[in-house]
Amino acid sequence: MTDTASVPTIDHPSFGRLEPSRVIIFDTTLRDGEQSPGFSMNLAEKLRMAEALAALGVDVMEAGFPIASPGDFESVHAIAERIKGPVICGLARAARNDVLRAAEAVAPAERKRIHIFISTSPLHMKYKLRMEPDAVLEAITESVRLGRKQVEDVEWSAEDGSRTEPEFLCRAVEAAIKAGATTINIPDTVGYALPRDMEDIFSMLRARVPGAEKVVFSAHNHNDLGLAVANTIASLRGGARQVECTVNGIGERAGNAALEEIVMALRTRPDAVAAVPEIHTEKILRTSRLLSAITGFEVQPNKAIVGRNAFAHESGIHQDGVLKHAGTYEIMTPESVGWSRSSLVMGKHSGRAALRDKLRALGYGEIGDNALADVFRRFKDLADRKKVVYDDDIAALMDEGHLRDHTRIRIASLRVVAGTEAPPEATVTLEIDGETKTATATGDGAVDATFAAVNVLCPHTATLRLYSVGAITEGTDAQARVTVRLEEEGKMVDGQGADTDTIIASARAYVHALNKLLVKRARTARHARPDDCGRPTEGCRRRPDD
Ligand code: KIV
Ligand code: ZN
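Here's a quick rundown of the structure. (Residues numbered from 1 in each chain as written. Chains lettered and ligands numbered in written order. Predicted model: local features only at pLDDT ≥ 70, side-chain atom pairs only at ≥ 80, totals over all residues. Heavy atoms only, no water.)

1. Thoughts on a nonpolar patch on the surface
Where nonpolar side chains cluster on the molecular surface, the patch consists of Leu 464, Tyr 467 and Val 469 and spans about 240 Å² of accessible area. Within the secondary structure, Val 469 is located in strand β15 (residues 463-471). Owing to a relative accessible area of 44%, Val 469 belongs among the partly exposed residues under this scheme. (Patch = residues over 30% accessible without salt bridge, like charges linked within 9 Å, V, L, I, M, F, W, Y side chains within 5 Å. Areas by Shrake-Rupley, 256 points an atom, 1.4 Å probe, with all protein chains shown as cover. Salt bridge = Lys/Arg side-chain N within 4 Å of Asp/Glu carboxyl O. Helix = DSSP H or I, 4+ residues; strand = E, 2+ residues; numbered from the N terminus. Buried < 20%, exposed > 50% of the residue type's maximum accessible area, 1.4 Å probe, protein only.)

Here it is, written out as structure tokens:
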């Protein structure tokens, strides 16, 4: 077990005096998470997610990779302008233009960080970068020095650090510290390491590298072997004091270490690592659900902390035990991560005050009068169609409201005639950039007819890759949650919609996906894509793993 006394107190440019027991939560949902297939978000969605992450209390928010595209730059800049609280961070390769672009993007933030990375493993240097080790060391020194001229808080990462030769890793870390890096991140980029490896790497660096006592060491573990969280806890035991993670563990390939799992492991087992995250844990579930609503990817039912079954006790023996003493089968309380035991049932007779109370209990905090009026109107509409409105229904209503902001295409009306007599026929009226248009089409089923009518109004070449329907709660009057995935020129977008009527939910999901497609098209049109390149050259603007 790590003796916390052996981790020094550090004076940090963004956090001031950092005691050994403090762990910095570095969230990269909007960068490493967002860059994985199917998880891309538009500007409004990123801002919405950034607000939720700030409310959750993350210390650092990696908002994107500004040089990757004008859209990425715009979202990092907008987050830096509007989100208060966390340090706002932009990613950059070890190259002049990357660093300057990241600096420009984070400039409006109260507290800002540039995160510079370059590969250090023999495999990556030889095949990906095609650079000699000495040239890599030079790139580290130059880029970190340049970063420090722009901002006080510079993080440097050794990409594929866990597969880097210890001697060279020490030299690279020393070069970064000498050039002014304030955080040193050692990623397990390919999720290859075992917990003991990560603990040893951090212990070794702290023991051997001159200047190690002045910087924060950081862990960034991928989940290819399902060990990302275990490796993160082991990294802390080795002396890391920053953890990089994402909500629901989204990220490249098998994902990154899940924020909610790390935070609750640290809260539940202070005996293993005396490092306390300053996170408002009761907002965890809310944040997880918002991400699912935005991206269309639900977490699996047995997902730790935020899965539907995470606190469900099915067997009689377990239920009996929990009733006698919750601690028999619960190692943390469901309320501590945002599950509500509230028995206040909502229905058509519930008023505004009850809804406001319920929203508070569900972790939405205080919502303004206009937003309350909007959700109350949609709640009444739902309650007219459904006897009991459950917590999950209300969460879906709130998420629906956020998802429909800033859209170019809106559904004005939808009418479907279906039955055994004739092919189903759908008449759809859409508002497209403020102009109202109507079309009628038939199809192979009511949903097909609806999508066909939308296609007449918004022609596109995208292929439907996924259409999935799930019930938000139980019963025949339950709301359906529909996810639609479209693919156009290798780019994937997801749309979601919820309603007690599956056809309406489907139409909403389809139009949501088309709205996202429009955003993607606009981004691609502005963003010329040169050769694939992982080297820190000035011309390549692709994401590192694109
Ligand atoms: O996994 C990785 O190595 C990264 C770096 C860019 C930090 O995401
Ligand atoms: Zn990563």
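On we go from here.
2. Here's the deal with the nonpolar core
Counting 53 residues, the largest nonpolar core has Met 49, Met 61, Ile 79 and Ile 88 as its most contacted members. Element by element, the count of residues in this core is highest for helix α2 (residues 43-56), at six residues. In this structure, Met 61 is in contact with Asp 27, Leu 30, Ala 50, Leu 53, Ala 54, Ile 79, Ile 83, Pro 86, Val 87, Ile 88 and Cys 89, ignoring residues within four places of it in sequence. The next biggest cluster of nonpolar side chains, apart from the first, holds 45 residues, and it includes Ala 92, Ala 103, Leu 137 and Ala 212. (Core = buried A, V, L, I, M, F, W, Y, C linked by side-chain atoms within 4.5 Å. Contact = heavy atoms within 4.5 Å.)

3. Re the side chain of Asn 42
You can see Asn 42 is positioned in the loop between α1 (29-33) and α2. Residue classification places Asn 42 among the buried positions, given a relative accessible area of 13%. Here the side chain of Asn 42 touches Ala 44 through a polar contact of 3.2 Å, landing on its backbone nitrogen. (Polar contact = N/O pair within 3.5 Å; in protein donor to acceptor, adjacent residues only side chain to side chain.)

4. What about the coordination of the zinc ion (ligand 2)?
Around the zinc ion (ligand 2), the protein supplies Asp 32 (OD), His 220 (NE2) and His 222 (NE2) as donor atoms, at distances of 2.0 to 2.1 Å. Expressed as a motif, the donor residue spacing for the zinc ion (ligand 2) is D-x187-H-x1-H. Under the relative-accessibility criterion, His 220 is labelled buried at 6%. (Donors = N, O, S within 2.8 Å, 3.2 Å for Na, K, Ca; no water.)

5. A look at the packing of aromatic side chains
Going through the model one piece at a time under the given rule, you end up with six aromatic pairs. Among the aromatic residues, those joined into a ring-pair cluster are Phe 451, Tyr 467 and Tyr 510. Over the ring of Phe 15 we find Arg 22, and its NZ or CZ is 5.8 Å from the ring centre. (Phe/Tyr/Trp six-rings, centres within 6.5 Å; stacked < 30°, edge-to-face > 60°. Lys NZ or Arg CZ within 6 Å of the ring centre and 35° of its normal.)

6. Looking at the environment of Lys 178
Mapped onto the secondary structure, Lys 178 falls in helix α7 (residues 166-179). On the accessibility criterion, Lys 178 (68% relative accessible area) is exposed. Here the alpha-carbon distance between Lys 178 and Leu 323, two residues 145 residues apart in the chain, equals 58 Å.

Such coordinate-based values are descriptive only and should not be taken to indicate function.
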